[in-house]
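Residues per chain, in single letters:
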Amino acid sequence: MEKYSNKEQKQYIDGLKRFESKGVPVYIDGQKVDEADWEKIFQVQEDGAFYMCDYVGNEEGTLKEIHFDRVYNR
């Protein structure tokens, strides 16, 4: 699995902040969490799980929510 540099992680988090400032909430494991917790999406868990992003749109075709859910690579 690819490891992201600190610079790449910061750029990604900055992008999430821009979306959230426009009213697009970010969820991790089904819960809306504070920005301080967003860095966990880059961590690979001891059991091999990692986070996958899902962009949820609305009927008008614009972005409604961003979800990160834990998935397992078996």
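The structure contained in this document is the topic of the report that follows. If you're wondering where the values come from, they're calculated on a predicted model, not measured in any experiment.

1. Observations regarding the sheet that holds strand β4 (residues 63-71)
Overall, mixed pairing links the 4 strands, which are arranged β2-β1-β4-β3 in an open sheet. Here the strands that pair on one side only, and so sit at the sheet edges, are β2 (31-32) and β3 (50-57).

2. Some details on the nonpolar core
Ranked by size, the top nonpolar core spans 12 residues in total: I13, L16, V24, V26, I28, V33, W38, I41, F42, Y51, I66 and F68. Sorting the residues of this core by element identifies α1 (6-21), β1 (26-28) and β4 as the ones contributing at least two each. V33 has contacts with V26, I28 and W38, leaving out every residue within four places of it along the chain.

3. Comments concerning the environment of K40
Relative to the assigned elements, K40 resides in the loop between β2 and β3. Classification of K40 by relative accessible area gives partly exposed; the value is 31%. Counting along the chain gives 30 residues from K40 to R70, while the straight-line C-alpha distance between them is 11 Å. Excluding its chain neighbours within four sequence positions, the residues that come into contact with K40 are I28, D29 and Y51.

4. A closer look at the packing of aromatic side chains
Counted by the stated rule, this structure contains 2 aromatic pairs. Judged by centre distance (5.9 Å) and plane angle (80 degrees), the rings of Y12 and F42 are edge-to-face. Separated by 30 residues along the polypeptide, Y12 in helix α1 and F42 in the loop between β2 and β3 bring together distant segments of the chain. Judged by relative accessible area, which is 32%, Y12 ranks as partly exposed. Ring geometry for Y12 versus F68: centroids 6.3 Å apart, planes at 70 degrees, classification edge-to-face. Note that Y12 is positioned in helix α1 and F68 in strand β4, a separation of 56 residues in sequence. A network of ring pairs unites the aromatic residues Y12, F42 and F68 as a single cluster.

Definitions and cut-offs
Residues numbered from 1 in each chain as written. Predicted model: local features only at pLDDT ≥ 70, side-chain atom pairs only at ≥ 80, totals over all residues. Heavy atoms only, no water. Pairing = 2+ DSSP bridges. Helix = DSSP H or I, 4+ residues; strand = E, 2+ residues; numbered from the N terminus. Core = buried A, V, L, I, M, F, W, Y, C linked by side-chain atoms within 4.5 Å. Buried < 20%, exposed > 50% of the residue type's maximum accessible area, 1.4 Å probe, protein only. Contact = heavy atoms within 4.5 Å. Phe/Tyr/Trp six-rings, centres within 6.5 Å; stacked < 30°, edge-to-face > 60°.

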